[in-house]
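# Residue-level structure breakdown
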Amino acid sequence: MGRDFQTFLKQLEQAGELRRIAAEVDPHLEMAAIVDRVCKLPGGGPALLFERPKGGGMPVAMNVWGSLRRMQMALGVEQEHRGLDAIADRIERLVQEALPKPGGSFLDKLAKLPMLAEIGQWMPKTVRKGACQEVVKTGDAVRLSELPVLTTWPEDGGPFITMGMSHVRYKDGRRNMGLYRLQVYDDRTLGFHTQLHHDGARARHGYANGERMSVAVAFGGDPALLYAATAPLPPMISEVMFTGFLTGSGVEMVKAVTSDLEVPADSELVIEGWVDPAELRREGPFGDHTGYYSLADDYPVLHVEAITHRKSPVFNATLVGRPPQEDTYLGLATERIFLPLLKLVLPEIRDMHLPAAGAFHNLVILSIRKEYPGHPQKVMNAIWGTGQIMFTKGIVVVDEDIDPHDLQEVLFRLTSNVDPRRDLLFTEGPLDVLDHSSDRFAFGSKVGIDATRKNKPFDAFPREWPRDLAFPEAVLAKVEARWREYGL
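Numbers given for residues are sequential positions, taken from 1 along each chain in its written order. Where totals are concerned, whole chains, interfaces and linings use all residues; where local detail is concerned, this predicted model gives features only for residues with pLDDT of at least 70, and gives and counts side-chain atom pairs only at 80 or more. No hydrogens and no water enter the side-chain calculation; it runs on all heavy atoms of the structure.

Here we come to unusual backbone geometry. Put simply, Gly284 and Pro285 share a cis peptide bond, and its omega is 0°. Only DSSP runs of H or I with at least four residues qualify as helices, and only runs of E with at least two residues qualify as strands; both kinds are numbered from the N terminus onward. Within the secondary structure, Pro285 sits in the loop between β14 (267-283) and β15 (286-287). Even without glycine at this site, Ala442 takes up a positive phi of about 60°. In this fold, Ala442 is placed in the loop between β22 (424-430) and β23 (443-450). When its relative accessible area of 10% is taken as the criterion, Ala442 is described as buried. Although it is not a glycine, Ala460 adopts a positive phi angle of roughly 55°. Mapping Ala460 onto the fold places it in the loop between α15 (456-459) and α16 (473-482). Buried, partly exposed and exposed residues are distinguished by accessible area as a fraction of the type maximum, computed with a 1.4 Å probe on protein chains only: under 20%, between the cut-offs, and over 50%, respectively.

A word on the environment of Leu363. Residue placement: Leu363 occurs in strand β20 (residues 363-368). It is 39 Å that separates the C-alpha atoms of Leu363 and Arg188, two residues lying 175 residues apart in sequence. When checking whether two residues touch, look at their non-hydrogen atoms; a contact exists if any pair is within 4.5 Å. With near-sequence residues (within four places) excluded, Leu363 lies in contact with His353, Leu354, Pro355, Gly358, Thr392, Gly394 and Val396.

Right, let's talk about the pairing of strand β19 (residues 349-353) for a bit. The buried fraction of β19 amounts to four of the five residues, a majority that puts the element mostly inside the structure. When DSSP finds two or more bridges between a pair of strands, those strands are recorded as paired. In the sheet, β19 pairs with β20 via four bridges, with the strands oriented antiparallel. Bridging across to β20, His353 finds its partner in Ile365.

Just distances and angles here, no functional claims.
Following this line, the structure appears as structure tokens:
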């Protein structure tokens, strides 16, 4: 069984990664302003536990995933030499083991049995009782106003729940868990912000108008759950099962009080209700991770039927806004963990970087092994046709020996290797719903920049391409050995 949220908070405190704030703090703007200042400290600042939210109620934990170390602790790889890349290594191994081998024999199939047994350990496990239902409130006892829900930016449409993991079920039985914001309208209704391209919207579109789709919004549980809720998984993979992969053990699930949905049994709190796809209400505006307010629009209404929680729960929230914020490290985890899957379809890719300043879907930097004319452009077009990374507005491609995380080096190659007329590729396609820069909703132009070196075999470059400046290895080794002798 994995850790629960409060156990994880204790681990963070013991590791010097969490600070308690005993002073009374207002969830209306003040709490968010504190977190915004902390998030922008070098390394992401500490996690914060606000023990006395103004107006009473349960403590509020914020910036919990907001550093590389805490992200590694949440996913159980802090002690691994390769950190988050250790999870990528596991995915790569699984992919390689699962792929059929040419001329495979019966013995090859038998060799896969241990892998199948391992996969079986990741499946969710149903239990009869859960800590998340120690207190059950239904009917008139349901009051969302009793929760310390934050208003984070002054022009927000109201208070917004930002760290609730929404569990829904498709009509065909598939389960989905996603991290969707929820605007508090009153004590019994929420705005259910399920965007056009996301699984939560696809799930509700399978229900007829007037038909109720059950929703259960869970908070806390194993810290890996929150990351899984944000992960760009293929449609056939459940986020709950992916959590089992991350932790090595299936998540214990308990049946909700008012529906047949299942929720993580050790959650801190669960909001249960339903959505009618035909009922829409104006939601927003909302200060978003783009650094701007996303505009108000019509979204489904979540009618709350029950709130269940632990006897002494901790409420979890996040601040989204101009980077860097807590989601910087969630994005970093996705960059490292899902690189092997991207390389499965684009093996020429050597590395990838999603800079936080690009809000994760505005800029991708790729290093590739260039092998033929138009290779960088082929990679650009493939990225624009792949999963959630299709939203990328700008792609920069560099050579395989360039580190895409070294932004100074990338900028050097952009200015030294690029002829704008020759090396820029423009196209059009889907954009993230939150993108405000396009004059069309969720659709606009994109640019790819080929910042690779140009040469005659691959690029028909008419002149000789100069070599990079570099000292001989022997000279560098000599300087390294004598550095102290220089007195510098």
